[in-house]
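Fold and geometry: a report
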2 protein chains.
Amino acid sequence: MSPAAVAVYNWDLSEVRFDPATGRKVIYAPARARRPSDYRTDLREIVETRACPFCPGNERETTKEVFALRDSGAPDEPGWRVRVVPNRYPALTPPQGFHEVIIESPVHGERWSTAPLRRIEEALEAWQERLRRLSREPGIRGAVIFKNHGWRAGATRVHPHSQLMALPFIPPQLDYELQAAPAAGPCPWCRGLENAAGRVVFENGGYAAVAPEASRQAYEVWLLPKEHASRFEEIRDLAGLAGALQRLWRCVESALHQPAVNAMLMTAPLDAAAPHYHWRLEILPRLGTIAGFEWATGCYINSVLPEQAAERLRRADPDSVPPGEAG
Amino acid sequence: MSPAAVAVYNWDLSEVRFDPATGRKVIYAPARARRPSDYRTDLREIVETRACPFCPGNERETTKEVFALRDSGAPDEPGWRVRVVPNRYPALTPPQGFHEVIIESPVHGERWSTAPLRRIEEALEAWQERLRRLSREPGIRGAVIFKNHGWRAGATRVHPHSQLMALPFIPPQLDYELQAAPAAGPCPWCRGLENAAGRVVFENGGYAAVAPEASRQAYEVWLLPKEHASRFEEIRDLAGLAGALQRLWRCVESALHQPAVNAMLMTAPLDAAAPHYHWRLEILPRLGTIAGFEWATGCYINSVLPEQAAERLRRADPDSVPPGEAG
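First, a word on scope: everything that follows refers to the structure included in this document. (Residues numbered from 1 in each chain as written. Chains lettered and ligands numbered in written order. Predicted model: local features only at pLDDT ≥ 70, side-chain atom pairs only at ≥ 80, totals over all residues.)

1. A word on the interface of chain A and chain B
A common way to report how large an interface is uses the accessible area buried once the components associate. At the junction of the two partners, chain A supplies 63 residues and chain B supplies 63 residues. The set of elements that each furnish at least two residues to the side of chain A that touches chain B consists of strand S2 (24-28), strand S6 (142-149), helix H2 (172-180), strand S11 (261-266) and helix H5 (292-297) of chain A. Residue contributions to the side of chain A that touches chain B peak at five residues, all from H5(A). Tallied by class, residues from the side of chain A that touches chain B come to 39 nonpolar, 15 polar and nine charged. (Contact = placed C-beta atoms within 7 Å. Helix = DSSP H or I, 4+ residues; strand = E, 2+ residues; numbered from the N terminus. Nonpolar A, V, L, I, M, F, W, Y, C, P; charged D, E, K, R; others polar.)

2. Section: the nonpolar core
Counting residues in each nonpolar core, the largest one holds 192 residues, and the members touching the most others are Val221(A), Leu248(A), Val221(B) and Leu248(B). Apart from the residues within four sequence positions on either side, Leu248(A) is in contact with Val201(A), Ala209(A), Val221(A), Leu223(A) and Ile283(A). (Core = buried A, V, L, I, M, F, W, Y, C linked by C-beta atoms within 7 Å. Buried ≥ 20, exposed ≤ 12 C-beta atoms within 10 Å, placed from the backbone.)

3. Brief notes about helix H6 (residues 306-316) of chain A
Residue and element names in this part refer to chain A. Within the span of H6, buried status applies to Pro306, Ala309, Ala310 and Leu313. Seen from one end, H6 has its buried residues packed into an arc of 95°, which puts them on one side. Next to the buried residues of H6 lie strand S8 (200-204), strand S10 (221-225) and helix H4 (238-256). (Arc of directions from axis to C-beta.)

4. Things to note about the environment of Ala155(A)
All names here are of chain A. Positionally, Ala155 belongs in the loop between S6 and strand S7 (161-167). Assessed through the 21 C-beta atoms surrounding it within 10 Å, Ala155 is described here as buried. Remark: the alpha-carbon pair of Ala155 and Glu45, spanning 110 residues in sequence, is separated by 10.0 Å. Apart from residues no more than four positions distant in its own chain, Ala155 is found in contact with Ile46, Asn148, His149 and Gly150.

5. What about the sheet that holds S11(A)?
All names here are of chain A. Judged by pairing direction, the sheet is antiparallel, and its ten strands sit side by side in the order S3-S4-S5-S7-S6-S11-S12-S10-S9-S8 without closing on themselves. Of all strands in the sheet, those bounded by a partner on one side alone are strand S3 (67-70) and S8. Each strand axis lies, on average, 15° off the axis of its neighbour in the sheet, ignoring direction. Alignment of strand S9 (residues 207-210) against S10, held across four bridges, turns out to be antiparallel. Residue Val210 lies in a different strand from S10, and its bridge partner there is Trp222. (Pairing = 2+ DSSP bridges. Axes fitted to C-alpha atoms, helices over the stretch in contact; angles between N-to-C directions.)

And the structure:
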């Protein structure tokens, strides 16, 4: 057997970070970034072999709508701007839970980076409406809204859509965060925003885009309200949120060449007040992969520090005001 | 707005399961199995554009070996049967941690389903040897060994290999399991084996292959010692384990058409006794994907109940003794 392993290693030191607010532990490993295939470029496109069931005119291909914003037409006819239908392949069915699809636009292939702002605002309005509606269903305790964009993020359709799941339990991650956040005293996310200096991508009206302290994968970035608020479905400035969301989507697409993305809304439970919770929208570009280490340990390896991620996203921001031109 | 959502749902009921021993929560959703793309068939092959650094003769392409089982030759020369080298792109470096690659065979492309049993046994021997060696390093608290097999499982090389990471902390998942298992009283995994009836794939010598109560993805299956044992690195019957592991690998390849697989060794901490822990090897075929729901909630959606998974794996078992032929 050859001598001890120590002598043969000679790379940059890694850094282990733990975020008590989320319970996430991450090994930041700069040396991994040199791996030839650290970012996966198998940008497989979604292949749709039949007419898109989310396009106007194909309403009969979906389940019956439960909500829509319309210019004209009866339910399940064209004329809608946003349309919500139960998922045809639901993970949960009533009365256990609800699994819905929010069709965010009539325009096939539209992206949040270039969509009219009003469209994003109306998609967010549909999110709010359905959260409020499903919070009145007996037994529903929590909900999550997520958007899988691109094949590597789990999407099977190009047409812009998100999904809502209303659950008969508090999701484990939310449960952890509710217990970890002090019921009295300073909000950990408000404090986090104060201490985020090098991790801020931008501030846009009432919202801040921040690379989190313990980002699970490279370039994870969150959008949070700067003023403490526990529930997404109660906010009024949807136009401001739509603007910040579009700006962040542009940063991500520009910096990372239109990657696959998972976006997740984290908001307070539906069945009880949680004034100490701080809602957020998580944006997770899918450049890496989940493999044996993550499955085994429950922690993550990330080759890009959040400070580095924020810097790259900042530099890619097409909507930033150049220094000197700021008001 | 159209009427309440309830009327339009009409699928099979889902089932939510929670495993207190692992803290895992899973929504079993049979209706999801009807989704056209529930199993992803983008079986992208690994493309290697240069000579394989793990093949005999290319030893200079790796870091210097820290352990080998050899027929002949000096360190970093051909003649080895199993060879361990520090990972060239380590997630952790000494003294923080160790990240090693176990090259399990000189034969490029060899798989555990068809490899000589003695080869699997020697790979497991190398696992034990390195765990014992690294447990003596100051500051090392826990370790995980994992095998990423196939592109979708995160592998970038075809040559059979696994990885060891020795960590300066107890991994969060292990930490949870140690705290959840009662220090006195019945072992939850021993009890789990007693109650596993419909989830048993086979029993082979001292080992049982079982689909766990809360399987994270379709066809997850575990190999556990039937007699309580907390540490993998202390077991003596490696030949028996190699036989059970090969049999299980054959079941998975046969039932699921050679899928990508993550395999993970869960064993007791290296820095302290944990006699109440029960080690296991987790086998996770990578048929599905991790998307927004899982990232947001920390729980899983699985369209195949573990009882169904075990039945399919049992029927595919090429090494089972047909009824009537059993001794």
